[in-house]
Every structure is written in C-alpha cells, then in structure tokens.
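# Secondary and tertiary structure notes
One letter stands for each residue in the lines below.
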Amino acid sequence: MEVDRRTAEVLSRARIGMLALNAGRLPLVNPAAFRFAGGAVWMTTSRHATKLALARRDPHASFLVEGEGRTVVLRGLLETFDPRSLGSQVRALLEGPAFAWNLTGYALKNAAYIGGYLLELASVPAEWWPHNRVLLRLRVEHARQLRRDETMLRPPGARARLSGVPAEVARSLEGAAGYLCWQTSRGPTLAPVEWAPEGLDAMLRLTPGVGRGPCLGSSCALVLERHHPYRATRMVGTCVRGRLAEEADGVRLVTERVTWWRGFRVRTLTVRRRAVVAV
C-alpha cells in the first residue's frame with residue numbers, strides 16, 4: 001500500500017510505534033522499533049514473546065506512530081518469519097532481494113537502538129538475544145492520518161500516577177501521553193487519549209476528530225510509555241486493560257488487568273476488587 005508524502009515523512013523519521021494485537025477479550029499493546037517500506041511495517045521480537053503467539057493466532061493488527069504533531073494509524077495483517085523455520089526461509093527466498101534490502105534498511109534506521117541493545121547484551125535475558133529474534137511484518141491495508149488539531153490533547157498533570165503499577169514505574173510515567181486501543185470489526189485500532197488516574201481506574205476522553213470510538217461496556221486498553229533513544233533496558237511503560245463505563249464527568253476505564261514493563265522485565269497482574277455487601 002502506498003501512503004501520501006506527509007504520512008511517509010512521519011513514518012520515516014519515527015523509530016518507535018505502538019503495536020496493537022487481539023489478545024482475546026482484552027486487547028494488548030506493546031511498543032516496537034520499526035521501519036516502513038514496501039507498504040509494510042517491519043519489526044523484530046523474541047520468539048518467546050506474547051505478541052508472537054497472538055500474531056500467529058489472529059494476524060489482524062494496528063500500528064500507531066506519532067511525529068511532528070501528527071498521528072498515523074496503520075491497519076493490516078501480521079506475518080511472521082522465523083529464521084529457524086524452513087517455511088519462513090523459503091518464503092523469504094521467494095520474495096527475492098527486496099526482502100534482504102528491507103531487513104538491511106531496518107538495521108540501518110535503528111542502528112543506534114541495535115547498538116545500545118548489543119552494548120547491554122550481558123544484562124538482556126537470553127530469550128531476547130539475537131539468535132532468538134524473529135521478524136514481524138505488518139502488511140498495511142489501511143492508513144489514516146489524524147490532523148494536528150485533532151490530536152491536540154491536554155497533557156495529564158505532572159503528578160498524574162496510576163496506582164496499579166509499582167511506584168518506580170508510576171513515577172517514570174508521570175505526565176506520559178496516553179493511547180487507547182479497542183476492537184473493531186476489522187481488528188484492533190488505536191488513538192491518542194486524554195487520561196487521568198481515578199483510584200485503580202482511569203478517566204478517559206477521546207477527541208471528536210478520532211471519529212467513532214469504542215462503545216460503552218467494550219473492552220479497551222490504555223497504554224502509557226516512555227522510551228530511551230537507544231537503550232532498550234530503559235524503556236518503561238504500562239498497558240491497563242478493562243472495560244468502559246459511563247460516569248457523570250466522562251468515561252471510566254474499569255481496570256481488570258495491568259501489564260507493566262521496565263526494560264525486558266514484564267509482569268501482568270489481575271486487579272481484584274473488594275466486594276461491597278449491602279446490609
């Protein structure tokens with residue numbers, strides 16, 4: 001799929017985007033270094049990563065990229081290429097030199113990030129070492145660019161912290177931009193969102209320019225993330241998953257599950273609420 005010049009500029013300059021996958025009832029969103037070329041988004045991950053298992057089960061995915069005051073949302077189907085798989089090797093060979101060229105382009109674009117990864121290899125879990133990497137390719141079927149006036153969201157307060165994550169993660173994510181993911185008939189989609197902590201939950205507001213958003217009662221995921229220019233071990237973020245409920249002053253994301261990460265350390269917790277018994 002070809003994209004217009006402005007969209008291509010955003011995709012060529014950004015290095016980190018948000019990948020949204022269908023994880024059953026609750027969607028899952030993770031950051032990923034990428035390169036856009038040949039109408040596709042090229043990424044790598046660990047063969048032990050949850051996102052790989054989800055992509056093989058349901059290839060429908062979306063990818064959000066921000067840059068220069070613009071937000072680009074790409075939607076399509078994910079393909080996986082495992083160097084240890086004979087089938088993947090054959091598919092790569094059949095695509096000819098373009099496949100190798102796109103891999104080279106990915107490495108050149110993310111050279112600083114890859115260099116930082118190799119520099120800290122001793123502290124990286126073996127599951128994420130080079131011999132355990134696989135390739136993900138999102139073949140784009142639809143691209144949408146949100147204009148600047150549609151994404152001028154008010155940043156959260158400097159002391160806005162989520163209470164469902166460790167204190168050190170919450171401090172790192174103070175005032176971080178938020179992204180909301182929800183399911184559509186064509187797979188998951190993403191959009192920037194205003195957020196504010198409300199106990200274990202979060203209050204949300206999408207701008208009108210996003211278009212038709214999620215319905216009340218639907219399952220959604222709120223993602224907050226900060227990344228280092230080249231050190232993967234210093235990336236920090238959280239994915240808060242739950243359902244939407246209407247409130248007098250907005251929409252509440254009622255938290256059911258929280259995933260947080262710092263570097264390659266990832267943990268998921270189920271939120272248990274105290275039952276209130278009427279007497």
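Just above sits the structure.
What this report covers is the structure whose coordinates are included nearby. (Residues numbered from 1 in each chain as written. Predicted model: local features only at pLDDT ≥ 70, side-chain atom pairs only at ≥ 80, totals over all residues. Heavy atoms only, no water.)

The helix and strand tally for the protein chain stands at 6 helices and 14 strands. With the principal axes as the frame, the protein chain shows a C-alpha extent of 70 × 40 × 35 Å. Put simply, the protein chain has 279 residues, and 49% of those count as buried. Sequence-distant contacts in the protein chain: of pairs separated by 6 or more residues, those separated by 24 or more amount to 65%. Surface accessibility of the protein chain: about 14200 Å² in total, with carbon and sulfur atoms responsible for 54%. Mean positive and mean negative side-chain charge positions of the protein chain (41 and 24 charges, respectively) differ by 4 Å. (Helix = DSSP H or I, 4+ residues; strand = E, 2+ residues; numbered from the N terminus. Buried < 20%, exposed > 50% of the residue type's maximum accessible area, 1.4 Å probe, protein only. Contact = heavy atoms within 4.5 Å. Areas by Shrake-Rupley, 256 points an atom, 1.4 Å probe, with all protein chains shown as cover. Lys, Arg positive; Asp, Glu negative; His and termini not counted. Charge placed at Lys NZ, Arg CZ, Asp CG, Glu CD.)

Here we come to the pairing of strand β9 (residues 187–198). For β9, a buried count of 9 out of 12 residues is recorded, marking the element as mostly surrounded by other parts of the structure. Alignment of strand β8 (residues 178–184) against β9, held across 7 bridges, turns out to be antiparallel. Residue pairing for β9: tyrosine 179 is matched across the bridge by proline 192. The pairing of β9 with strand β10 (residues 201–205) spans 5 bridges and is antiparallel. Looking across to β10, one finds that glutamate 198 is bridged to aspartate 201. (Pairing = 2+ DSSP bridges.)

To continue, consider the sheet that holds strand β6 (residues 70–81). On the basis of which strands lie adjacent, the open sheet formed by 7 strands has the order β2-β1-β5-β6-β7-β4-β3 and antiparallel pairing. Edge strands, defined here as strands with exactly one partner in the open sheet, are β2 (28–33) and β3 (35–37). Adjacent strand axes in the sheet meet at a mean angle of 35° when their direction is disregarded. Pairing of β3 with strand β4 (residues 40–46), which is carried by 3 bridges, proceeds in the antiparallel orientation. Bridging across to β4, arginine 35 finds its partner in tryptophan 42. (Axes fitted to C-alpha atoms, helices over the stretch in contact; angles between N-to-C directions.)

Locating leucine 244 in the fold gives a position in strand β12 (residues 236–247). C-alpha of leucine 244 to C-alpha of alanine 221: the two residues are 23 residues apart in sequence and 9.7 Å apart in space. Beyond its immediate sequence surroundings of up to four residues, leucine 244 is in contact with Leu204, Pro214, Cys215, Leu216, Gly217, Ser218, Cys220, Val251, Arg252 and Leu253.

Our focus in this paragraph is helix α1 (residues 5–13). Here α1 has its buried residues at Thr7, Val10 and Leu11. Along the axis of α1, the buried positions cluster into a sector of 95°, meaning they face one direction only. Of the residues in α1, the exposed ones pointing more than 90 degrees away from the buried face are Arg5 and Arg13. Buried-residue contacts for α1 involve β3, β5 (60–67), β6, α4 (97–109) and β7 (133–146). (Arc of directions from axis to C-beta.)

One pass over the structure, following the stated rule, counts 13 salt bridges. In this structure, arginine 137 engages glutamate 95 in a salt bridge whose closest nitrogen and oxygen atoms are separated by 2.6 Å. Of this pair, arginine 137 sits in strand β7 while glutamate 95 sits in the loop between α3 (86–94) and α4, and the two are 42 residues apart along the sequence. Since its relative accessible area comes to 31%, glutamate 95 is described here as partly exposed. Residues joined by salt bridges that share partners form a network here, namely Glu79, Glu95, Arg137 and Arg139. (Salt bridge = Lys/Arg side-chain N within 4 Å of Asp/Glu carboxyl O.)

So, about the environment of arginine 35. Counting through the fold element by element, arginine 35 comes out in strand β3. Here arginine 35 falls in the buried class, since its relative accessible area comes to 17%. Sequence-wise, arginine 35 and arginine 137 are 102 residues apart; in three dimensions their C-alpha atoms are separated by 9.7 Å. In contact with arginine 35, other than residues within four places in its own chain, are Ala40, Val41, Trp42, Trp101, Asn102, Gly105, Tyr106 and Lys109. Here the side chain of arginine 35 touches asparagine 102 through a polar contact of 3.1 Å, side chain to side chain. (Polar contact = N/O pair within 3.5 Å; in protein donor to acceptor, adjacent residues only side chain to side chain.)

Ranked by internal contacts, the top residues of the largest apolar core, which has 37 residues, are Phe34, Val41, Met43, Phe63 and Leu78. The residues contacting valine 41, other than those within four sequence positions of it, are Phe34, Arg35, Phe36, Phe63, Leu74, Leu136, Arg137, Leu138 and Val140. Among the nonpolar cores identified, the runner-up in size contains 24 residues, and Cys220, Leu222, Val236 and Val240 belong to it. (Core = buried A, V, L, I, M, F, W, Y, C linked by side-chain atoms within 4.5 Å.)

Okay, the packing of aromatic side chains next. Aromatic ring pairs: the centre-centre distance and the angle between the two ring planes describe each pair. Within the structure shown, the criterion is met by 5 aromatic pairs. Here tyrosine 117 and phenylalanine 264 contribute two aromatic rings whose centre-to-centre distance is 6.5 Å and whose plane-to-plane angle is 55°, an arrangement assigned as tilted. Remark: phenylalanine 264 occurs in the loop between β13 (250–262) and β14 (265–270) and tyrosine 117 occurs in helix α5 (residues 111–119); sequence separation between them is 147 residues. Overall, the relative accessible area of 21% leaves phenylalanine 264 in the partly exposed class. When the centroid spacing of 5.4 Å and the interplanar angle of 50° are considered together, the rings of tryptophan 128 and phenylalanine 264 count as tilted. In this pair, tryptophan 128 is assigned in the loop between α5 and β7 and phenylalanine 264 in the loop between β13 and β14, connecting sequence segments 136 residues apart. (Phe/Tyr/Trp six-rings, centres within 6.5 Å; stacked < 30°, edge-to-face > 60°.)

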